[in-house]
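Results of the structural survey
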Amino acid sequence: MAGCVSRVELSVSCRSLLDRDLGSRSDPLCVLLQDVGGGQWAELDRTERIKNCQNPEFCKKLVVDYYFEKVQKLKFGVYDIDNKSFDLNDDDYLGGIECTLGQVVSSSVFTRPLELKQGKPAGKGTITISAEEIKDTRVVYLEIEARNLDKKDFLGKSDPFLEFYKQSDAGMWQLVYRSEVIKNNLNPCWRKFSVPLQTFCGGDFNKPIKVQCADHDSDGSHDLIGTFETNLTQLQKAGDGSPVEFECIHPEKNQKKKSYKNSGIIRIKSCKVETEYSFLDYVMGGCQINFTVGVDFTGSNGDPKSPDSLHYISPDGINEYLIAIWSVGSVVQDYDTDKLFPAFGFGAQVPPSWQVSHEFALNFNPSNPYCQGIQGIVDAYRQILPQIRLYGPTNFSPIINHVARFAAHSAQQGTASQYFVLLIITDGAITDLDQTRQAIVNASKLPISIIIVGVGEADFKAMEFLDGDNGVLKSLTGEPAARDIVQFVPFRQFKNAPQEALSQMVLAEVPKQLVSYYKWQGWPPVKPPEIKMM
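- As recorded by an unreviewed UniProt entry, the chain carries the name Copine-3 and is attributed to Thalassarche chlororhynchos.
- Per UniProt, the chain carries the Subunit (unreviewed entry) text "Monomer. Interacts with ERBB2 (preferentially with the tyrosine phosphorylated form); this interaction occurs at the cell membrane and is increased in a growth factor heregulin-dependent manner. Interacts with SHC1; this interaction may mediate the binding of CPNE3 with ERBB2. Interacts with RACK1."
- Per UniProt, the chain carries the Function (unreviewed entry) text "Calcium-dependent phospholipid-binding protein that plays a role in ERBB2-mediated tumor cell migration in response to growth factor heregulin stimulation."

**Remarks on the domain arrangement of the chain**
- Entries for the chain in the domain assignment read domain 1 (6–134), domain 2 (138–275) and domain 3 (294–521).
- Of note, the centres of domain 1 and domain 2, computed from C-alpha atoms alone, are 50 Å apart.

**Regarding the sheet that holds strand 20 (residues 355–357)**
- Within the open sheet, the 3 strands sit side by side as 20-19-23. Their pairing is antiparallel. Either end of the sheet is taken by a strand with one partner, and the two such strands are strand 20 and strand 23 (389–390).
- Examined bridge by bridge, strand 19 (residues 348–350) and strand 20 share 3 bridges and lie antiparallel to one another. Across the sheet, residue alanine 348 finds its bridge partner in strand 20, namely serine 357.

**Let's talk about the pairing of strand 17 (residues 288–296)**
- Extensive coverage of strand 17 is indicated by the burial of 9 of its 9 residues.
- Alignment of strand 17 against strand 24 (residues 418–426), held across 8 bridges, turns out to be parallel. Following the sheet pairing, isoleucine 289 is matched in strand 24 by tyrosine 419.
- Crossover connection from strand 17 via helix 6 (residues 320–332) to parallel strand 18 (residues 340–346): handedness right-handed.

**Section: unusual backbone geometry**
- Omega for the bond connecting proline 351 with proline 352 falls within 30 degrees of zero, at 5°, which places this linkage in the cis form.
- On the secondary structure map, proline 352 appears in the loop between strand 19 and strand 20.
- Residues glycine 392 and proline 393 are joined by a peptide bond in cis, for which omega reads -5°.
- On the secondary structure map, proline 393 appears in the loop between strand 23 and helix 8 (397–411).
- The backbone phi angle of lysine 339 is positive, close to 55°, even though this residue is not glycine.
- Positioned with a positive phi, phenylalanine 364 is a non-glycine residue whose angle comes to about 60°.
- Of the residues examined, phenylalanine 364 reaches a relative accessible area of 33% and is grouped as partly exposed.

**As for the environment of aspartate 281**
- Looking at the secondary structure, you find aspartate 281 in helix 5 (residues 279–284).
- Residue aspartate 281 is classed as buried on the basis of its relative accessible area, which comes to 5%.
- Linking aspartate 281 and valine 515, residues 234 residues apart in sequence, is a C-alpha distance of 9.5 Å.
- What aspartate 281 contacts, discounting residues up to four positions off in sequence, is Glu133, Lys135, Glu276, Pro525 and Pro529.

**Here we look at the pattern of salt bridges**
- Taken as a whole and judged by the stated rule, the model has 18 salt bridges.
- Note that glutamate 145 is salt-bridged to lysine 269, the shortest N-O span being 3.8 Å. Separated by 124 residues along the polypeptide, glutamate 145 in strand 9 (residues 138–147) and lysine 269 in strand 16 (residues 265–275) bring together distant segments of the chain.
- With relative accessibility at 30%, the residue lysine 269 sits in the partly exposed group.
- In this structure, glutamate 245 and arginine 267 form a salt bridge, with 3.1 Å as the shortest nitrogen-oxygen distance. With glutamate 245 in strand 15 (residues 244–247) and arginine 267 in strand 16, this pair connects stretches of sequence that are 22 residues apart.

**Looking at the packing of helix 8 against helix 9 (residues 433–443)**
- At a minimum axis distance of 9 Å, the contact between helix 8 and helix 9 shows a crossing angle of 15°. What the angle tells us is that helix 8 and helix 9 run roughly parallel. Here helix 8 runs over helix 9; the crossing is left-handed. Contacts between helix 8 and helix 9 involve Ser397, Ile400 and Asn401 from the first element and Gln435, Thr436, Ala439 and Ile440 from the second.
- Per-class residue counts for the contact of helix 8 with helix 9 are 3 nonpolar, 4 polar and no charged.

**Here's the deal with helix 11 (residues 499–507)**
- All of the buried residues in helix 11 are Ala501, Leu502, Ser503, Gln504, Val506 and Leu507.
- Those residues of helix 11 that are buried lie in contact with helix 6, strand 25 (448–454), strand 26 (486–490) and helix 12 (510–521).

**Brief notes about helix 7 (residues 373–384)**
- End to end, helix 7 covers 17 Å across 12 residues, agreeing with the expected 16 Å (1.5 Å per residue, within 8%).
- Every buried residue belonging to helix 7 is among Gly373, Ile374, Gly376, Ile377, Val378, Ala380, Tyr381 and Ile384, and all of these are buried.
- On its buried side, helix 7 packs onto strand 17, helix 6, strand 18, strand 21 (360–361) and strand 22 (370–372).

**Thoughts on the nonpolar core**
- Judged by nonpolar contacts, the single largest core of 113 residues is most densely connected at Leu10, Phe76 and Phe297.
- When residues of this core are sorted by domain, at least three fall in each of domain 1 (6–134) and domain 3 (294–521).
- Among the nonpolar cores identified, the runner-up in size contains 31 residues, and Ile144, Tyr177, Val244 and Ile266 belong to it.

**Regarding the packing of helix 6 against helix 7**
- One can describe the packing of helix 6 onto helix 7 by two numbers: an axis separation of 10 Å at closest approach and a directional angle of 165°. Between helix 6 and helix 7, the angle is such that the two are roughly antiparallel. Between helix 6 and helix 7 lies a crossing whose hand is right-handed. Side by side, helix 6 and helix 7 meet where Tyr321, Leu322, Ile325, Trp326, Gly329 and Ser330 of the first sit next to Ile374, Gln375, Ile377, Val378, Tyr381 and Arg382 of the second.
- For the contact of helix 6 with helix 7, the class distribution of residues is 8 nonpolar, 3 polar and 1 charged.

**Some details on the UniProt feature "domain: C2" (unreviewed entry) in the chain**
- Following the UniProt record, the feature "domain: C2" (unreviewed entry) maps to residues 1–114 and 123–246 here.
- From the first C-alpha to the last, residues 123–246 spans 69 Å; its make-up is 7% helix and 46% strand.

Rules behind the numbers
- Residues numbered from 1 in each chain as written.
- Predicted model: local features only at pLDDT ≥ 70, side-chain atom pairs only at ≥ 80, totals over all residues.
- Heavy atoms only, no water.
- UniProt positions renumbered as here; feature names shortened; annotations may be inferred.
- Domains from an automatic or database assignment.
- Pairing = 2+ DSSP bridges.
- Helix = DSSP H or I, 4+ residues; strand = E, 2+ residues; numbered from the N terminus.
- Buried < 20%, exposed > 50% of the residue type's maximum accessible area, 1.4 Å probe, protein only.
- Right-handed = clockwise from strand over helix to strand, strands pointing away.
- Contact = heavy atoms within 4.5 Å.
- Salt bridge = Lys/Arg side-chain N within 4 Å of Asp/Glu carboxyl O.
- Axes fitted to C-alpha atoms, helices over the stretch in contact; angles between N-to-C directions.
- Parallel < 35°, antiparallel > 145°, perpendicular 65-115°, else oblique.
- Left-handed = near helix turned anticlockwise from the far one by under 90°.
- Nonpolar A, V, L, I, M, F, W, Y, C, P; charged D, E, K, R; others polar.
- Expected span 1.5 Å × (residues − 1).
- Core = buried A, V, L, I, M, F, W, Y, C linked by side-chain atoms within 4.5 Å.

Shown next as structure tokens:
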């Protein structure tokens, strides 16, 4: 399971709070609670208390771990504090709101009216929350070569590699990077590498850095060639054709031999510090995530009127298709401002001509296939079921190509403003595997992720093949996918798990896939974050 994407800092302010104190204004404090399930809320953090203030701007930030793949329900409560006890039950409640963390991070500023309870406003009081990611996402990129290194091997030349160490506050040296070994070469050129700035020097450009060059021996008894000390400020002088050179010094040889000069020269060809953007940088910077659903209506699902059909809607109104739509949609909808989701079916005969279609709008409106919210998709699905004939074959490529056309159009703008997530729910055997492979390879160059949920008990070998986890997916002609964009999950693994387990599994990869696409294109967020120096 993917870990938390990052930590988020929430800034809170309120306007026009109720007055609860006689003779003076309220003394507000804001507490943040998170839904832990079963109707229980747990406190995550609280602000300071501000005395005599109806329009507080709290200085203390509320910190929360952020997971894209979960719906994180939050409750903000504002209290008038009139005593020293930590317990808030004896303090006046000035109002609160419930929302999701996804709603907060996907709006640059999130303002809502405070309520004393559901539907009862707390006077004219409002709360405003803005989110910021806690991080230093700068990365150090280095290109390094060496010349005239000492020969250490009896029969051949040396097999040199580099190690970088930073000095900890206690004076200890901590390894931060080890290069690859270049065999039998006294003038090696190592491949370009990158290390997060935080890891490399703790964000301190003047922190001492020790570089060691050693000769690799397969038995682990590596021989030191030489070493030098520097810092990032010095390394950064390299670039634009003017390298920075350091003498590689072997301490023992230096002491013993008067004539000793050095054991070679290490040349820093270039050293750049660049910002790596995160998923939240893109979302907070204005990137919309567009959600599309494709539903398999092929004959192998069974007659929807029969209780053993995968499309049979049980007396409590659900089936595996609906659970998958709800589970994934409820997370993704927070990142799409218009909440209009195109939804399609494939593999059925559709009225009035009863031709088989591989991309028909669930609402039967091809010029406007958008459903209002996740509930709109569910309603359209329920209405269409009795009106179509399940048929075949099972072709994925038309619906992938359909969404890819929108993604391609968006990519032409050259900005990180639109990303597409396609959810395909299917009962298995795919007919157009070769065309689908080609469609995925083409789509891998576009701002799109594809999630396939397999329902029923079929053999999903082909789906696992499309999910490039066991090596890179290639088209028939051998062209590899530019990036891994498919995530396949069999629904049966989640039969008895809580509903949110499915969405967590299928959506865990999306943040990485989105970032990898924009990084590959070299596109920053539409509104990049302001760099705060640590």
